[in-house]
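Chain by chain, the residues:
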Amino acid sequence: MTGFYELVYPELDKKQLTGYITISTISGIVGICLTYLVGHFLDLIIASQQEMEWVEYICAYVGLNIINRICCIQMEYQRVSIEGKLSYAMTRKMLKIVYNTSYLNYCNENPAAISQKINNDTGIIASFYVSFFKNIIVQTVSTIVYLFVLIKNSLLIGYLVILMMIAYIGVYLIVKKLIYRTEKEVIEQKTNYATTLFVLIEKSVSIRMNGMSQYHFGRMENDYQNLLHALKKQIGAYSIYNVLKDILILIFQTALFLAGGRMIRMDSMSVGTLVVMLNYFVYVLGCMEFFLNIGSSYQTVKASEERLKKYLVLDELPTGKERQRIIEKIELKNLEFAYPGQNRLFDITTEFCMGKIYWIRGRNGVGKSSLVNIMLGIYGTSYTGQVIYNGYRLGELDYKWFINNNTAVIEQDPYIFDGTIQENICLKGNRIDMDELKALVSQMKLDSLMKFVDMDSTKHRENKIYSGGEKQKIAIVRTLLSDSCIWILDEPTANLDEESKIIFYKELEQRKKEHIILLISHETPLCRWDHIVDIGR
């Protein structure tokens, strides 16, 4: 709890939380007064014939109820606002942790599972902490007031309530481990089930084309049965807890009725006072329910914390302060890399200089894309040797600035987000010459998309799925218009027609003077390259 509290607390809106607690405390005090007022009103009805005194009590009762209702409405608005802000802030922080660590730390996990963990678990934790900060104060104050009134009016009843509280704690301690285990299992099975559904939807075309529907629906059925089994175990754990709790309540309520009734018969307690004490007894049960639910709720939160802990302790990518606007030379010195538990992929010593095109080639699986990921810092420091830019090691560069200003990448499957063509091309905030942009779009046979280039940036291209060739062409235009000095092109022409390939390679030759161009390709490039770098030989 302490470790994650350090992550949560800085993200809390302290001022808004203080206001929320203050309003909640006022509402709690008003609730205590209302019950006390009802008891005294009953005694007044029995003892007094003056109806005007009744009116005063009724007016006070109505006024306090109005105040309480206003407080409750404001409390709900405050709660939703604080929880929403906290959940978003934690989600953002968790994503930053993922983005600032080596991809190798989470590459074997299903992206849907990571997303589900971060989204659900941060929501659970945010809800718990907001309720905790508010209720720990309100319920503590209320419990003290209730016990004070109970003991003041009847020492015997006060002792009975205290004894019940101790027994309540004992019941919780008996079942808390069982509750925690079942809560954690349910969360894990929900994640597995949600991940399977995500894959069924995301990969629906591939699954249908390859005749894998039966297998994946079978996995979904299996995950559902596992989830159902976990839920049944959870219900069983809570049933044990609730049965033990209800037996205690029944015993102590019976004792309270007998003790209160006897005191009324002996004229040592009024009917109104007994009503107040019975209600306060119920409120004390509610307070105890809160304190015990802190434990059971924390078991759920603890399970969520455990799922997120491995991300919280991930090492950040090394980053320095050096910014080099122009990268004229890249050096790889004795660069070796192997995935955990596998043989070494490569051992490279070479250099790349501005104004030249380097054809990086090698068979599948020899580490061409891994080399790119190392050079771009995606794999962190999971290699031996050195990657040097203009005489500075990669870890000495301001990493974010380096990625945003020095590099442009065309991936095998380019990422095109849900926006306009212009937004996708200008995603790094580059100043684009619109005439040059339109000329390139025309050359790459993207004329049918020209109307989207001039779209208002708030509008999206609707009802259109980009083909592999379109995505590659958009990425090519984006790179060719980039002023980044390092261009890394991973199979950039795999989905292009022959004419588009010729145009692309011609543009590369014309623009190479101010760039270091690394061209990864299985096929022989249709341009004059300056050097060949063989990987895996």
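Residues numbered from 1 in each chain as written. Predicted model: local features only at pLDDT ≥ 70, side-chain atom pairs only at ≥ 80, totals over all residues. Heavy atoms only, no water.

S.K.: Where do I start with the sheet that holds strand β5 (residues 392-393) in this structure?
M.R.: Sheet strands associate in pairs through backbone hydrogen bonding, adopting either a parallel or an antiparallel arrangement. Strand order in the open sheet formed by four strands is β2-β1-β4-β5, and the pairing between neighbours is antiparallel. The open sheet is flanked by β2 (346-353) and β5, the only strands paired with a single partner. As defined by bridge partners, strand β4 (residues 384-389) adjoins β5 across two bridges and the pair is classed as antiparallel. By the bridge assignment, I388 is partnered in β5 with R393. Here helix α9 (residues 368-375) sits on the sheet and contacts β1 (329-337), β2 and β4; the angle it forms with β1, its principal contact strand, is near 120°. (Pairing = 2+ DSSP bridges. Helix = DSSP H or I, 4+ residues; strand = E, 2+ residues; numbered from the N terminus. Contact = heavy atoms within 4.5 Å. Axes fitted to C-alpha atoms, helices over the stretch in contact; angles between N-to-C directions.)

S.K.: Would you explain helix α5 (residues 155-202) in this entry?
M.R.: Helix length check: α5 (48 residues) gives 66 Å between terminal C-alpha atoms against 70 Å at 1.5 Å per residue, within 8%. Of all the bends in α5, the greatest measures close to 45° and is centred on V175. (Expected span 1.5 Å × (residues − 1). Bend = angle between axes of the 7 residues up to and from the residue.)

S.K.: Would you take a moment to explain helix α14 (residues 468-480) for this structure?
M.R.: Each full turn of the α-helix corresponds to 3.6 residues, which orients residues three or four apart in the same direction. The terminal C-alpha atoms of α14 lie 18 Å apart, and with 13 residues this matches the ideal 18 Å at 1.5 Å per residue to within 8%. Burial analysis of α14 places twelve of its 13 residues in the buried class, the great majority of the element. Every buried residue belonging to α14 is among G469, E470, K471, Q472, K473, I474, A475, I476, V477, R478, T479 and L480, and all of these are buried. Close packing links the buried residues of α14 with β6 (407-410), α11 (421-425), α12 (434-443), β7 (486-490) and α15 (498-511). (Buried < 20%, exposed > 50% of the residue type's maximum accessible area, 1.4 Å probe, protein only.)

S.K.: Help me understand the packing of helix α2 (residues 14-47) against helix α4 (residues 111-153) in this model?
M.R.: Where α2 meets α4, the closest approach of the two axes is 9 Å, and the angle between their N-to-C directions is 30°. With respect to each other, α2 and α4 are oriented roughly parallel. Viewed along their axes, α2 and α4 form a crossing whose handedness is right-handed. When α2 is examined against α4, the residues L17, Y20, I21, S24, T25 and I32 are found in contact with a partner set consisting of V130, F133, K134, I137, V138, S142, V145 and Y146. Looking at the contact of α2 with α4 residue by residue, the class counts come to ten nonpolar, three polar and one charged. (Parallel < 35°, antiparallel > 145°, perpendicular 65-115°, else oblique. Left-handed = near helix turned anticlockwise from the far one by under 90°. Nonpolar A, V, L, I, M, F, W, Y, C, P; charged D, E, K, R; others polar.)

S.K.: It is not clear to me how the sheet that holds strand β3 (residues 356-361) should be interpreted in this structure. Could you clarify?
M.R.: The strand order across the open sheet formed by five strands is β6-β7-β8-β3-β9, and the pairing between neighbours is parallel. Lying at the two open borders of the sheet, with one neighbouring strand each, are β6 and β9 (531-534). Strand-to-strand twist in this sheet, taken as the mean axis angle between neighbours without regard to direction, amounts to 20°. Sheet topology places β3 next to β9; four bridges connect them, and they run parallel. Within β9, the residue paired with W359 across the bridge is I532.

S.K.: Which parts of the structure should I look at to understand the pairing of strand β8 (residues 516-520)?
M.R.: As a general feature of sheets, a regular strand has side chains that alternate between the two faces. Of all the five residues making up β8, five are buried; the element is thus mostly covered by neighbouring parts of the structure. As paired strands, β3 and β8 are joined by five bridges and run parallel to one another. Opposite I357, over in β8, you have I517 as the bridge partner. The pairing of β7 with β8 spans five bridges and is classified as parallel. Across the sheet, the residue bridging to I488 is L518, located in β8. The parallel pair β7 and β8, bridged by α15, forms a crossover whose chirality is right-handed. (Right-handed = clockwise from strand over helix to strand, strands pointing away.)

S.K.: Any chance you could explain the nonpolar core here in plain terms?
M.R.: In globular proteins that are soluble, nonpolar side chains generally tend to be buried together. In this structure, I157, V161 and V284 are the most contacted members of the largest nonpolar core, which totals 34 residues. Apart from residues no more than four positions distant in its own chain, V284 is found in contact with Y146, L150, V161, M164 and M165. Within the second largest apolar cluster, 33 residues are counted, among which are Y358, L376, L397 and I486. (Core = buried A, V, L, I, M, F, W, Y, C linked by side-chain atoms within 4.5 Å.)

S.K.: I would appreciate a short explanation of the packing of aromatic side chains in the present structure.
M.R.: The relation between two aromatic rings is expressed through the spacing of the ring centres and the mutual angle of the planes. Enumeration according to the criterion identifies 18 aromatic pairs in this entry. Judged by centre distance (6.3 Å) and plane angle (40°), the rings of Y129 and F133 are tilted. One end of the pair, Y129, and the other, F133, are both in helix α4, four residues apart, so they sit about a helical turn from each other. When its relative accessible area of 0% is taken as the criterion, Y129 is described as buried. Classification of F133 as buried rests on a relative accessible area of 14%. A centroid spacing of 5.8 Å and a plane angle of 65° characterise the contact between F132 and F133, whose relative ring orientation is edge-to-face. Each member of the pair, F132 as well as F133, carries the same accessibility label: buried. Each member of the aromatic cluster is reached from another via a ring pair, and the members are Y103, Y106, F337, Y339, F346 and Y379. The positively charged end of R361 is found above the aromatic ring belonging to W359, 5.1 Å away from the centroid. (Phe/Tyr/Trp six-rings, centres within 6.5 Å; stacked < 30°, edge-to-face > 60°. Lys NZ or Arg CZ within 6 Å of the ring centre and 35° of its normal.)

S.K.: Can you walk me through the environment of S369 in this structure?
M.R.: Among the structural elements, S369 can be located in helix α9. Given the relative accessible area of 30%, S369 is considered partly exposed. Along the primary structure S369 and D490 are separated by 121 residues, whereas in three dimensions their C-alpha atoms are 7.4 Å apart. With near-sequence residues (within four places) excluded, S369 lies in contact with Q412 and D490.

S.K.: In this structure, what is going on with a positive patch on the surface? I would like to understand it.
M.R.: Together, K176, K177, R181, K184 and K302 give the surface a local cluster of positive charge. When residues in the positive patch are grouped by element, the largest group, four residues, is from α5. Within the secondary structure, R181 is located in helix α5. (Patch = residues over 30% accessible without salt bridge, like charges linked within 9 Å, V, L, I, M, F, W, Y side chains within 5 Å. Areas by Shrake-Rupley, 256 points an atom, 1.4 Å probe, with all protein chains shown as cover. Salt bridge = Lys/Arg side-chain N within 4 Å of Asp/Glu carboxyl O. Lys, Arg positive; Asp, Glu negative; His and termini not counted. Charge placed at Lys NZ, Arg CZ, Asp CG, Glu CD.)

S.K.: Help me out: how do you make sense of the confidence of the model for the protein in this one?
M.R.: As a note on interpretation, predicted positions should not be read in detail where pLDDT is low. Predicted confidence across the protein gives a mean pLDDT of 83, with 92% of residues reaching 70 or more. Helix α13 (residues 450-453) is the least confidently modelled element of the protein, averaging 52 in pLDDT, while β8 averages 94, the highest of any element. (pLDDT = per-residue confidence, 0-100.)

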